Amino acid sequence: LASSEAGVLQSCRWKRSGRCHAAALKSIGVAHAEEGQDTAGANMVCGVDAPLCAWAALGEARRVELWLGRMASASVAPDIISHTAAMDASARAGDGKRTRALFAGLGELGLRPSTASYRSLAKQLAREGEVEELSRLLEEAERRKRPRDVLCIRALVSASANASPPDPARAEYAFRLMPEALREDGFALSCLAKAVGRERFVELSWEFGFRVGGAGGGGPGG
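How each quantity is defined
Residues numbered from 1 in each chain as written. Predicted model: local features only at pLDDT ≥ 70, side-chain atom pairs only at ≥ 80, totals over all residues. Heavy atoms only, no water. Axes fitted to C-alpha atoms, helices over the stretch in contact; angles between N-to-C directions. Helix = DSSP H or I, 4+ residues; strand = E, 2+ residues; numbered from the N terminus. Parallel < 35°, antiparallel > 145°, perpendicular 65-115°, else oblique. Left-handed = near helix turned anticlockwise from the far one by under 90°. Contact = heavy atoms within 4.5 Å. Nonpolar A, V, L, I, M, F, W, Y, C, P; charged D, E, K, R; others polar. Expected span 1.5 Å × (residues − 1). Buried < 20%, exposed > 50% of the residue type's maximum accessible area, 1.4 Å probe, protein only. Salt bridge = Lys/Arg side-chain N within 4 Å of Asp/Glu carboxyl O. Phe/Tyr/Trp six-rings, centres within 6.5 Å; stacked < 30°, edge-to-face > 60°.

Draft legend 1. Representation of the packing of helix α8 (residues 131-143) against helix α9 (residues 150-162) within the structure. Direction vectors running N to C along α8 and α9 enclose 165°, while the axes themselves pass 9 Å from each other. Relative to α9, the element α8 lies roughly antiparallel. The interaxial crossing formed by α8 with α9 has left-handed handedness. Facing α8, whose interface residues are Val 131, Leu 134, Ser 135 and Leu 138, α9 presents Cys 152, Ala 155, Leu 156, Ala 159 and Ser 160. Taken together, the residues that form the contact of α8 with α9 break down as 7 nonpolar, 2 polar and no charged.

Draft legend 2. Local environment of helix α7 (residues 115-128). In this model, α7 (14 residues) spans 20 Å end to end at C-alpha, consistent with the 20 Å of a helix rising 1.5 Å per residue. Within α7, 11 of the 14 residues are buried, which leaves it mostly tucked inside the rest of the structure. Residues of α7 that are buried include every one of Thr 115, Ala 116, Ser 117, Tyr 118, Ser 120, Leu 121, Ala 122, Lys 123, Gln 124, Leu 125 and Ala 126, and no others.

Draft legend 3. Expanded view of the pattern of salt bridges. What the rule picks out here adds up to 15 salt bridges. Notably, a salt bridge pairs Asp 88 with Lys 123, separated by 2.9 Å at the nearest N-O pair. Of the two residues, Asp 88 sits in helix α5 (residues 80-92) while Lys 123 sits in helix α7, which places them 35 residues apart along the sequence. Across the pair Glu 180 and Arg 183 runs a salt bridge, and its minimum N-O distance is 3.3 Å. For Arg 183, a relative accessible area of 26% gives the class partly exposed. Members of the salt-bridge network, linked through shared partners, are Glu 172, Arg 176, Arg 200, Glu 203 and Glu 207.

Draft legend 4. A look at the packing of aromatic side chains. Under the counting rule described, the total for this entry stands at 5 aromatic pairs. When the ring of Phe 103 is compared with that of Tyr 118, the centres are 5.3 Å apart and the planes differ by 65°; the resulting orientation is edge-to-face. Taken together, the residues span a long stretch of sequence, with Phe 103 in helix α6 (residues 96-104) and Tyr 118 in helix α7 at a distance of 15 residues. A residue is classified by how much of its surface remains accessible, and Phe 103, at 11% relative accessible area, is buried. By relative accessible area, Tyr 118 is classed as buried at 1%. An angle of 40° between the planes, with centres 5.1 Å apart, marks the rings of Phe 201 and Phe 210 as tilted. What makes Phe 201 buried here is its relative accessible area of 1%. Given a relative accessible area of 6%, Phe 210 falls into the buried group. Among the aromatic side chains, those forming a connected cluster through ring pairs are Phe 175, Phe 201, Phe 208 and Phe 210.

Draft legend 5. Layout of α8. Its 13 residues place the ends of α8 19 Å apart at the C-alpha level, agreeing with the 18 Å of an ideal helix rising 1.5 Å per residue. Among the residues of α8, Val 131, Leu 134, Ser 135, Leu 137, Leu 138, Glu 140 and Ala 141 are the ones counted as buried. Phi turns positive, to about 60°, at Lys 145, one or two residues after α8.

This is the structure we're talking about:
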């Protein structure tokens, strides 16, 4: 265990504290902060969770898993942010099996999935084109008082495009849930075009007022 890492664990053994990591806030922490969840004394991702979320943003799944193990050995109990970071890292690494397993294990640990938890699994399901599984996940999120946000709906558009064959009806349905947010999203538009086809996409562009040429923006696979 590197001395710097040991220092983080030592400082966080009794109370999670420290400076918030910008990358952590961007990828995971904001969602938890918005929900106002009690994360063992931390209102945002900080201290021991900061390196987890920073590595997750880079898809460093192995380092995240090792850090979780070191936390346990140092008597620092991983919280929902810690486990969501592990999910996010696995999803970014394209490990669908591990992402699903981590999400399924939250209940056994007594942890309630956050919006960020649902986002992480949604990202993986979108990449795989698992439209039905993703739809069930979002329905579950609603039942658990985790309303679907724009990133989850974006993932549903993406999953519809990546399905084999593509699911044009589901893609259009998802887009219509949040057209104001998605019509400026180049990645969402490119997925919509792929799912519904050129002709229908042009019709939708007239209806919602977005540029057909804007359907080329990049973005992650979900």
